[in-house]
Amino acid sequence: MTAVYKRELRSYLTSMTGYLFIFFILLLTGIYFSAYQLDIAYPKFEYTLSAMTFVFLICVPILTMRTLAEERKQKTDQLLLTSPVSVGKIIMGKYLALVTVFAVPMAIICFYPLVMSKFGDISFGTAYTAVLGFFLLGCANLAIGVFISSLTESQVIAAVLTFVLLFAFFMMNGISSFFSEGSLSTCITFGLLILAVSIIIYSMIKNFVISALVCVIGEVILAAVYMINSSFFAGGIQKVLQIFNLSGHFDNFANGIFDINGIVYYLSVIAVCVFLTVQSIVKRRWN
Amino acid sequence: MIEVKNLVKKYGDHTAVDHLSFQIEKGKIYGFLGPNGAGKSTTMNMITGYIASTEGTVSIDGHDILEEPEKAKKCIGYLPEQPPLYFDMTVLEYMKFAADLKKIPKDKKKSMIEEVMDMVKITDMKNRLIKNLSKGYRQRVGLAQAILGYPEVIILDEPTVGLDPKQIIEIRDLIKSLKQKHTVILSSHILSEVSAVCDYVLIISHGKLVASDTPDNLSRLAAGANNINLLVKGEKDIIRQHLLGIPGVKDITIDKKAGTEGWNITVSTEENIDIREDVFYKMAENHCPILEMQSRKVSLEEIFLELTEEENYDSSL
């Protein structure tokens, strides 16, 4: 794992991408810092951070696009996958290298509240809670980027897909307001989802009976639950979509709340993405 | 050492490797021979655990590649068809990275890297970026990576592709010298390479093993009978009669050679019998001068073509 970690880290720091990533985050922090803190003299640094969560939409795809896509294209994954290192460790090594690169601008950002404290009273607690939240948000975004990069061998596709996905997550509040909160419409949406899932299952395993069975059982359970307690579905789509609202979970941190829920949420996102990445690499061997 | 049982790999409806079984013993050089697309690389990728088989098992030193991958992979050094090089690293950095991946102890790492780089003659290039190396040197760096850690089995997929003739000879000598400590499996579609380097040849066609034996045995097997080509002057019937009288002769074909007085004759004999002297004396007795005599040994190339073409013929039926 350390071998992969060291190689990745060196590669980010000897090529443009790592510096570009660090530069961009610091540039935006600087711009927002001078706007909010230097210009208006607003004492809350967390406000600056919460205004610039969109930075990940641009930075993360740049950094993560080549992580696994490039290995596959250059066939260097043959070296990694035939060496006596498990896939999990390879992915962890790569992911930790990304986190380390991200930790560089975060370490510099940590100095901002200290600079501010020279000029007045500021609450370190809330400021650093926001920094922690921002770091976790970034790490979760990076994990998603790594997963997308494992799906394709084209860096461009990986970058675009990551951007689209992160953008959708970023806009999740707006997206969920498109859907009606009524029970019946929610139930119908879920019904359609089950149908879509069974079609996907059919296209993957080519077994009509099993996919039909999944579809029928799913729809029956759905209908039964709706008959028994229709209010169960009220606002259901919003609840589900909220799971994907990455930056939404940052709000509590930005308000200075040390949110254990949020920490657990981000760590779970990271764990799920790393797990899915490992699975997608392992699965590819069977194709 | 390596045991491959009933290996099958299917890509959709296409069967790339079809129930392949063989065993590989220690201390020999094995050659995988087959035309392009015969399934050589796929088989090697399955042995090294890069891709999984649809059916069948591969076990290396008793460790199943899918069940105990780390133990099994530790015994293998692999040079894939396209050397797995990181272009943004220097040769030395790459070698260090490969050594770390293979978990070579820190105290041995430096000396081992130097040794291996000397073996494949890339020491002069150690501070160059791999991006700037020529194809031949890249191939050598890949080879160095495979040898690094001195694994028991070294698997090389077309190791001499892209090298110049001098380099090819050097690499072949290197591979031969590896035999003392390692088992080597190499694949190639170049016949002379396999017959020059390998102790044992596995000929693969359409994912199936069509023949496996030593190069010498294979030639003998395919020859079935040795052939002698003759150009003889004289009466056709007398020549035929006397040639058939020689013990060991199985069959004769006689054609008139255009523009000369002689006859083109092909004599096929039973295995391991040299009738050249008998032919000479018999013809001399009968005043039929021999203008040319050629003993034809069947080359590996002909066996290869014969075996792989037969396969084509069968599958087209």
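Residues numbered from 1 in each chain as written. Chains lettered and ligands numbered in written order. Predicted model: local features only at pLDDT ≥ 70, side-chain atom pairs only at ≥ 80, totals over all residues. Heavy atoms only, no water.

A separate point is the overall build of chain B. The secondary structure content of chain B amounts to 11 helices and 14 strands. A globule of 317 residues ought to have a C-alpha radius of gyration of about 20 Å, yet chain B, at 25 Å, is considerably larger. For chain B, the C-alpha atoms occupy an extent of roughly 80 × 45 × 30 Å along the three principal directions. Buried positions account for 48% of the 317 residues belonging to chain B. Long-range contacts, defined here as pairs at least 24 residues apart, represent 68% of the contacts in chain B between residues at least 6 apart. By element, 48% of the accessible surface of chain B is carried by carbon and sulfur atoms, the whole surface being about 15300 Å². Where the 40 positive side-chain charges of chain B centre and where its 48 negative ones centre are 7 Å apart. (Helix = DSSP H or I, 4+ residues; strand = E, 2+ residues; numbered from the N terminus. Rg over C-alpha atoms; globule rule 2.2 N^0.38 Å. Buried < 20%, exposed > 50% of the residue type's maximum accessible area, 1.4 Å probe, protein only. Contact = heavy atoms within 4.5 Å. Areas by Shrake-Rupley, 256 points an atom, 1.4 Å probe, with all protein chains shown as cover. Lys, Arg positive; Asp, Glu negative; His and termini not counted. Charge placed at Lys NZ, Arg CZ, Asp CG, Glu CD.)

Once that is clear, we can look at the domain arrangement of chain B. As far as domains go, chain B holds domain 1 (2-221) and domain 2 (227-296). Measuring from the centre of the C-alpha atoms in domain 1 of chain B to the corresponding centre in domain 2 of chain B gives 47 Å. (Domains from an automatic or database assignment.)

Taken as a whole and judged by the stated rule, the model has 18 salt bridges over all chains. In this structure, the salt-bridge partner of B:Arg172 is B:Glu193, at a minimum N-O distance of 3.5 Å. Separated by 21 residues along the polypeptide, B:Arg172 in helix α6 (residues 165-178) and B:Glu193 in helix α7 (residues 191-197) bring together distant segments of the chain. With respect to class, B:Arg172 is no different from B:Glu193; both count as buried. In this structure, B:Lys179 engages B:Asp199 in a salt bridge whose closest nitrogen and oxygen atoms are separated by 3.3 Å. A residue pair is termed long-range when its members are at least 10 positions apart, and B:Lys179 in the loop between α6 and β8 (183-188) and B:Asp199 in the loop between α7 and β9 (200-205) qualify at 20 residues. Relative accessible area serves as the criterion here: at 31%, B:Lys179 is assigned to the partly exposed category. Here the salt bridges share partners, and the residues they tie into one network are A:Arg7, A:Glu8, A:Glu71, A:Lys94 and B:Asp88. (Salt bridge = Lys/Arg side-chain N within 4 Å of Asp/Glu carboxyl O.)

Let's shift gears to the sheet that holds strand β6 (residues 76-79) of chain B. Residue and element names in this part refer to chain B. As summarised here, the arrangement of the 6 strands in space is β6-β7-β8-β3-β9-β10, forming an open sheet in which the pairing is mixed. Strands with a single pairing partner mark the edges of an open sheet, and in this sheet they are β6 and β10 (208-213). The average undirected angle you get between the axes of adjacent strands in this sheet is 15°. Judged from the 5 bridges that link them, β9 and β10 form a sheet pairing that is antiparallel. (Pairing = 2+ DSSP bridges. Axes fitted to C-alpha atoms, helices over the stretch in contact; angles between N-to-C directions.)

Further remarks concern the packing of helix α9 (residues 124-149) of chain A against helix α16 (residues 260-284) of chain A. Residue and element names in this part refer to chain A. Across the interface, α9 lies against α16 with an axial gap of 8 Å and an inter-helix angle of 15°. Taken together, the axes of α9 and α16 lie roughly parallel to each other. Seen from above, α9 lies across α16 with left-handed handedness. In this structure, α9 uses Leu132, Gly133, Leu136, Leu137, Cys139, Ala140, Ala143, Ile144, Val146 and Phe147 to contact α16, whose residues at the interface are Ile263, Tyr266, Leu267, Val269, Ile270, Cys273, Leu276, Thr277 and Ser280. The residue makeup of the contact of α9 with α16, split by class, is 16 nonpolar, 3 polar and no charged. (Parallel < 35°, antiparallel > 145°, perpendicular 65-115°, else oblique. Left-handed = near helix turned anticlockwise from the far one by under 90°. Nonpolar A, V, L, I, M, F, W, Y, C, P; charged D, E, K, R; others polar.)

All names here are of chain B. Across 7 bridges, strand β1 (residues 2-11) lies against strand β2 (residues 14-24) in antiparallel orientation. By the bridge assignment, lysine 10 is partnered in β2 with threonine 15. Between the end of β1 and the start of β2, which pair antiparallel, lie 2 residues, with glycine 12 showing a positive phi angle near 60°.

Before going further, it helps to examine the side chain of B:Thr43. Tracing the backbone through its elements, the reader meets B:Thr43 in helix α1 (residues 40-47). With near-sequence residues (within four places) excluded, B:Thr43 lies in contact with B:Leu7, B:Val17, B:Leu20, B:Phe22 and B:Phe32.

Residue and element names in this part refer to chain B. One open sheet accounts for 4 strands, arranged β2-β1-β4-β5; its pairing is antiparallel. Bordering the open sheet on either side are β2 and β5 (63-64), each of which pairs with just one other strand. Across 2 bridges, strand β4 (residues 55-60) lies against β5 in antiparallel orientation. In the strand pairing of β5, serine 59 is matched with aspartate 64. On the sheet, α1 packs against β1, β2 and β4 and is oriented at approximately 120° with respect to β1.

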